[in-house]
Amino acid sequence: MTRLGPLAAIAALASACAAGQAVPKNALLTDGALHVLLCGTGSPLPDPQRAGACIAIAAGGQVILIDAGPGSWRNVALAAWPTQALRAVFLTHFHSDHIGGLGEAMTQSWIAGRGQPLDVYGPEGVNDVVEGFTRAYILDRKYRIAHHGAEYLPPAAWGATAHPVAIADRDQRVTVYDHDGLRVSAFLVAHDPIKPAFGYRIDFAGRVVVASGDTLYTPNLVRNAQGADVLLHDNLNPGLINLVSANLEAQGRARQAKMLRDTLTYHASPADAARSAAEAKVAHLILFHCVPPLTTPQMEEAQMRGLAAIYPGKITVAHDGETIDLPPR
């Protein structure tokens, strides 16, 4: 074995660090396909393997996010996606596990070279969310411009612009974004008492991806997911939740047990997700935002048990970092 001298070892380390700064995969923007990155597949409960809810889409020369949960932006960067091309974020609702990473998405895409403020769409109240993150990151903006210079970090490109989306009719689907062939439509889902809460349908080059957001089973999701290539559906396992709640009560943690049981009233079960996929005739159902966290293969098997009898198509459990590539039709 050859041992490197001190200077050679330092040079080798520097080279390795440089190699770790992955070159952005800009081909994702120009190859005509619809690309999906699962950048955050977890729930509000701690999961060492999954960040908060986030789906990244690359198509038509741009990148968009559906939600921006805590920790999700690091997965976008680690995947070497072309983050300078981030154009918009679409928030399903304003629970913390869906918005906690918005400030990082807003800031890091600017550092990567985004050339204009980030558009952020969502239900009524999105103005407050964007204003809050803007105020929280304003000093970070000041420090970075002072350090690196306005030539490299243009002040006018920093920040975000809120776009509230109103849906008057519960059966209505509203196109909220339509640029260079990439269309994003919002529709209402059932996450009471959170009103309104949205799901999103993404159309590009004959391909369709639908994100349920957080919801119970609702016919409106089925209508909007008809014929989709991919349906990313939140889901909660009632049996596991009741088991965990019982264990919490046995430990004297009644408060936590009560709040965990409350989640049963506004999330679909895995069977509900499979029913939606079957009725919508989607090609691929991805169980996303699973509750409780699926930290072992055995728990994933429990989440999937019996679903093939409801939905005969492809079913998978979401993991951070997974990608789906859909060539044009």
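What you see is a predicted model; the values in this text were computed from it and never measured.

**Student:** Please give an account of the overall build of the chain that cites residues and values.
**Tutor:** Helix and strand counts for the chain come out as 10 helices and 14 strands. For 329 residues, the compact-globule formula gives about 20 Å, and the C-alpha radius of gyration of the chain, at 21 Å, lands near that figure. Expressed as lengths along the three principal axes of its C-alpha atoms, the size of the chain is roughly 60 × 55 × 40 Å. Counting over 329 residues, the chain shows a buried share of 49%. Element-wise, carbon and sulfur atoms account for 56% of the exposed surface of the chain, whose accessible area totals about 15100 Å². Across the chain, the 26 positively charged side chains and the 29 negatively charged ones have centroids separated by 2 Å.

**Student:** Go over empty space enclosed by the protein with me, naming the residues and quoting the values.
**Tutor:** Counted by the stated rule, this structure contains one cavity of 30 Å³ or more. What the largest cavity holds in volume is close to 70 Å³. Split by residue class, the lining of the largest cavity holds six nonpolar, five polar and two charged.

**Student:** Lay out helix α7 (residues 238–250) with the relevant residues and their values.
**Tutor:** In this model α7 runs 18 Å from its N-terminal to its C-terminal C-alpha over 13 residues, within 8% of the 18 Å that 1.5 Å per residue would give. Listing the buried residues of α7 in full gives Leu240, Ile241, Ser245 and Leu248. All buried residues of α7 lie within an arc of 135 degrees about the axis, which places them on one face of the element. Along α7, exposed side chains directed more than 90 degrees from the buried face belong to Leu243 and Ala250. Positive phi shows up at Gly252, right after α7, with a value of about 80 degrees.

**Student:** Can you lay out the pairing of strand β5 (residues 118–122) for me, pointing to particular residues and giving the numbers?
**Tutor:** With four of its five residues buried, β5 lies for the most part within the structure. Across three bridges, the pairing between strand β4 (residues 86–90) and β5 is parallel. By the bridge assignment for β5, Val89 is matched with Val120. Where β5 meets strand β6 (residues 160–164), five bridges bridge the pair, whose relative direction is parallel. The partner of Val120 across the bridge, within β6, is Ala162. Between the parallel pair β5 and β6, the chain is carried across by helix α5 (residues 126–148), and the sense of this crossover is right-handed.

**Student:** Account for the pattern of salt bridges, with residues named and values stated.
**Tutor:** According to the stated counting rule, one finds 12 salt bridges in the structure shown. The shortest N-O distance in the salt bridge between Glu300 and Arg50 comes to 3.4 Å. Note that Glu300 is positioned in helix α10 (residues 297–304) and Arg50 in the loop between β1 (34–40) and β2 (54–59), a separation of 250 residues in sequence. The exposure class of Glu300 is buried, given its relative accessible area of 18%. Connected through shared salt-bridge partners, Asp47, Arg50 and Glu300 make up one network.

**Student:** So what's going on with the pairing of strand β10 (residues 207–211)? Which residues, and what values?
**Tutor:** Remark: a regular strand shows side chains that alternate across the two faces of the sheet. Among the five residues that make up β10, five are buried, leaving the element largely enclosed by the rest of the structure. What you see with β10 is no split at all: Arg207, Val209 and Ala211 on one side and Val208 and Val210 on the other are buried throughout. Pairing between strand β9 (residues 198–204) and β10: five bridges, direction antiparallel. Looking at the pairing, Tyr200 lines up with Ala211 of β10. Once the chain exits β10 it traverses helix α6 (residues 219–224) before rejoining the sheet at strand β11 (residues 230–236), and the crossover so formed is right-handed.

**Student:** Talk me through the packing of helix α4 (residues 102–112) against α5; I want residue IDs and the actual numbers.
**Tutor:** It is the contact of α4 with α5, at a shortest axis distance of 9 Å, that shows an interaxial angle of 35 degrees. For α4 against α5, the interelement crossing comes out right-handed. Along its contact with α4, which presents Leu102, Gly103, Glu104, Met106, Thr107, Gln108, Trp110 and Ile111, the element α5 presents Val129, Phe133, Thr134, Tyr137, Asp140, Arg141, Arg144 and Ile145. Of the residues contributing to the contact of α4 with α5, the split by class is eight nonpolar, four polar and four charged.

**Student:** So what about the sheet that holds β2? Which residues, and what values?
**Tutor:** Judged by pairing direction, the sheet is mixed, and its seven strands sit side by side in the order β6-β5-β4-β3-β2-β1-β14 without closing on themselves. Either end of the sheet is taken by a strand with one partner, and the two such strands are β6 and β14 (323–326). Averaged over all neighbouring strand pairs, the angle between strand axes comes to 20 degrees, with direction disregarded. Those strands touched by α4 are β3 (62–66), β4, β5 and β6, and its axis lies near 170 degrees from that of β4. Along the sheet, α5 contacts β5 and β6; its crossing angle with β6, the most-contacted strand, is approximately 170 degrees.

How each quantity is defined
- Residues numbered from 1 in each chain as written.
- Predicted model: local features only at pLDDT ≥ 70, side-chain atom pairs only at ≥ 80, totals over all residues.
- Heavy atoms only, no water.
- Helix = DSSP H or I, 4+ residues; strand = E, 2+ residues; numbered from the N terminus.
- Rg over C-alpha atoms; globule rule 2.2 N^0.38 Å.
- Buried < 20%, exposed > 50% of the residue type's maximum accessible area, 1.4 Å probe, protein only.
- Areas by Shrake-Rupley, 256 points an atom, 1.4 Å probe, with all protein chains shown as cover.
- Lys, Arg positive; Asp, Glu negative; His and termini not counted.
- Charge placed at Lys NZ, Arg CZ, Asp CG, Glu CD.
- 1 Å grid on protein atoms, 1.4 Å probe; cavity = no way out; pocket = protein on both sides within 12 Å on 5 of 7 lines; lining within 4 Å.
- Points joined across faces, edges and corners; volume = space filled by probe spheres on them.
- Nonpolar A, V, L, I, M, F, W, Y, C, P; charged D, E, K, R; others polar.
- Expected span 1.5 Å × (residues − 1).
- Arc of directions from axis to C-beta.
- Pairing = 2+ DSSP bridges.
- Right-handed = clockwise from strand over helix to strand, strands pointing away.
- Salt bridge = Lys/Arg side-chain N within 4 Å of Asp/Glu carboxyl O.
- Axes fitted to C-alpha atoms, helices over the stretch in contact; angles between N-to-C directions.
- Left-handed = near helix turned anticlockwise from the far one by under 90°.
- Contact = heavy atoms within 4.5 Å.

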